[in-house]
Amino acid sequence: MLTCSADRTVKLWDIEKIFLHFSSTSNTRFSFNKEDDYEEHGLVISVMRGHEHVIETVCFATPEGAEWIDKYEAKSKGEEYKGKGKGGSASEGNGMPKYGVSGGRDKVIKVWELATGRQVMEMIGHDNWVRGVMWHPRNGKILMSCSDDKSVRMWDMSEGGRAVRTMSDAHPHFIACMDYSRNGMDLLATGGVDKIVRIWGVK
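Counting restarts for each chain, with residues numbered from 1 along the sequence as it is written. In view of the model being predicted, local features appear only for residues whose pLDDT reaches at least 70, and side-chain atom pairs are presented and counted only at 80 or more, with totals across whole chains, interfaces and linings using the full set of residues. As a convention, hydrogens and water are excluded, and side-chain values are obtained from all of the structure's heavy atoms.

Observations concerning the side chain of K110
Part 1 of the reasoning: We count a stretch as a helix when DSSP gives it H or I for four or more residues in a row; a strand needs E for two or more, and each element gets its number in order from the N terminus. Structurally, K110 is set in strand β6 (residues 108–113).
Part 2 of the reasoning: Burial classes follow relative accessibility: with a 1.4 Å probe on protein chains only, a residue under 20% of its type's maximum area counts as buried, one over 50% as exposed, and anything between as partly exposed. A relative accessible area of 4% means that K110 is categorised as buried.
Part 3 of the reasoning: For the purposes of these results, a polar contact is taken to be a pair of N or O atoms within 3.5 Å, where, inside protein, one atom must be able to donate a hydrogen and its partner to accept one; residues adjacent in sequence count only when each atom of the pair is a side-chain atom. At 3.0 Å, the side chain of K110 forms a polar contact with the side chain of Q119.
Part 4 of the reasoning: Polar side-chain contacts of K110 include one of 2.5 Å to the side chain of E122.
Part 5 of the reasoning: Two residues qualify as a contact provided that any one of their heavy atoms is within 4.5 Å of a heavy atom in the partner residue. Once residues lying within four places of it in the same chain are set aside, the contact partners of K110 are G50, H51, G100, V101, S102, Q119, M121 and E122.

A closer look at the sheet that holds strand β11 (residues 162–167)
Part 1 of the reasoning: When DSSP locates at least two bridges between a pair of strands, those strands are taken to pair. Here we have four strands laid out as an open sheet, ordered β8-β9-β10-β11, and antiparallel in their pairing. Of all the strands in the sheet, the pair left with one neighbour each is β8 (130–135) and β11. Strand after strand, the sheet turns through a mean of 25 degrees between neighbouring axes, direction not considered.
Part 2 of the reasoning: Pairing between strand β10 (residues 152–156) and β11: five bridges, direction antiparallel. Bridge pairing in β11 places W155 opposite A163. Helix axes are fitted to C-alpha atoms over the stretch in contact, other axes to C-alpha atoms as well, and angles between N-to-C directions run from 0 to 180 degrees.

What to know about the pattern of salt bridges
If charged atoms from side chains of opposite charge come close, those side chains can pair.
Part 1 of the reasoning: For this analysis, a salt bridge means a side-chain nitrogen from Lys or Arg found within 4 Å of a carboxyl oxygen belonging to Asp or Glu. Applying the stated criterion to the full structure yields 13 salt bridges.
Part 2 of the reasoning: With a closest N to O distance of 2.9 Å, R138 and D186 form a salt bridge. Placement of the pair is R138 in the loop between β8 and β9 (142–147) and D186 in the loop between β12 (175–180) and β13 (187–192), with a sequence separation of 48 residues.
Part 3 of the reasoning: Salt bridges sharing partners connect three or more residues here, namely E56, R105, R131 and D148.

Quick notes on unusual backbone geometry
Part 1 of the reasoning: Backbone geometry at R8 places phi at a positive 70 degrees, although glycine is not the residue there.
Part 2 of the reasoning: Mapped onto the fold, R8 is located in the loop between β1 (2–4) and β2 (9–13).
Part 3 of the reasoning: Its relative accessible area of 42% is what places R8 among the partly exposed residues.
Part 4 of the reasoning: You will see that K195, though not glycine, has its phi angle at about 70 degrees, which is positive.
Part 5 of the reasoning: Inspection of the secondary structure puts K195 in the loop between β13 and β14 (197–201).
Part 6 of the reasoning: A residue is classified by how much of its surface remains accessible, and K195, at 81% relative accessible area, is exposed.

Quick notes on the sheet that holds β13
Part 1 of the reasoning: With antiparallel pairing, three strands are arranged side by side in an open sheet as β12-β13-β14. If you trace the sheet from one side to the other, it starts and ends with β12 and β14, each paired once. The average angle at which neighbouring strand axes cross in this sheet is 20 degrees, direction not considered.
Part 2 of the reasoning: Here five bridges tie β13 to β14, and the two strands are oriented antiparallel to one another. When the sheet's bridge partners are listed, A189 is paired in β14 with I199.

Some words on the nonpolar core
Part 1 of the reasoning: Counting residues in hydrophobic clusters, the biggest one holds 17 residues, and the most contacted among them are V111 and M157.
Part 2 of the reasoning: Of all the elements in the fold, those that place two or more residues in this core are α3 (63–76), β5 (99–104), β6, β7 (118–124) and β8.
Part 3 of the reasoning: Aside from chain neighbours lying at most four places away, what touches V111 is I69, Y99, G100, V101, R118, Q119, V120, M121, M123 and M157.
Part 4 of the reasoning: Counting residues in each nonpolar core, the second largest holds 13 residues, with M144, C146, V152 and L188 among its members. Here, nonpolar core means buried Ala, Val, Leu, Ile, Met, Phe, Trp, Tyr and Cys residues that are tied together by side-chain atoms lying within 4.5 Å of each other.

Points about the packing of aromatic side chains
We describe a pair of aromatic rings using the distance from one ring centre to the other and the angle between the two ring planes.
Part 1 of the reasoning: Each Phe, Tyr or Trp ring (for Trp, its six-membered ring) is paired with any other whose centre lies within 6.5 Å, and the angle between the two planes then decides the class: stacked below 30 degrees, edge-to-face above 60, tilted in between. Scanning the entire structure with this criterion turns up zero aromatic pairs.
Part 2 of the reasoning: The criterion is that NZ of a Lys, or CZ of an Arg, lies within 6 Å of the ring centre and within 35 degrees of the ring normal, and then a charge sits over that ring. The ring of W68 carries the charged tip of K141 above its face, separated from the ring centre by 5.5 Å.

Quick word on α3
Residues that lie three or four places apart on an α-helix share one face, since the helix turns once every 3.6 residues.
Part 1 of the reasoning: Given a helix with a known number of residues, its expected span is that number minus one, times 1.5 Å. For α3, spanning 14 residues, the distance from its first C-alpha to its last is 20 Å, which sits close to the expected 20 Å at 1.5 Å a residue.
Part 2 of the reasoning: By the burial criterion, the buried members of α3 are G65, A66, E67, I69, D70, E73 and A74.
Part 3 of the reasoning: Buried residues along α3 sit in contact with β5, β6, β7 and β8.
Part 4 of the reasoning: Of the residues flanking the end of α3, it is G78, one or two places downstream, whose phi is positive at about 70 degrees.

Structure, rendered in structure tokens:
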């Protein structure tokens, strides 16, 4: 499980250990009194720090998205991409996603290597809080984001997170959320503080 917080951290949690821990106690809710409790019990796999304000949104990288990140990482180091299953796998050996993405009120999007907490990429371009991030379901090298700057942006992971498309003034007010069609149609839905849901034809 990947979470973000007003404490400016992203945390990766071990759900299996959480379930086993609480099922062995009389607790009926998954809660702790202080941060040290879940750190001490090994329920947090990694903690990512680097945002300078509240973090609003997180998501896991898709397998295809992670592969594009791996390819860019290898290229930037002057190395040969080893490919899936040869040291360049898009997920860890235990099936855990390799990368996660976060966006926050510092107007920045960050890509993290989850097992180590290492920042891999940083995307700067939004002029206000980043409210949502998600991977394009059929084009794994594209990460999409929406923001209080009223725009939707698309970032190319094969080019280190370069902004390749901006839908400016997509709403007359802050954009709070977005989602992409999963039924094969190239449709993006956005919702805003203006109480409007808009459907966009995008590829």
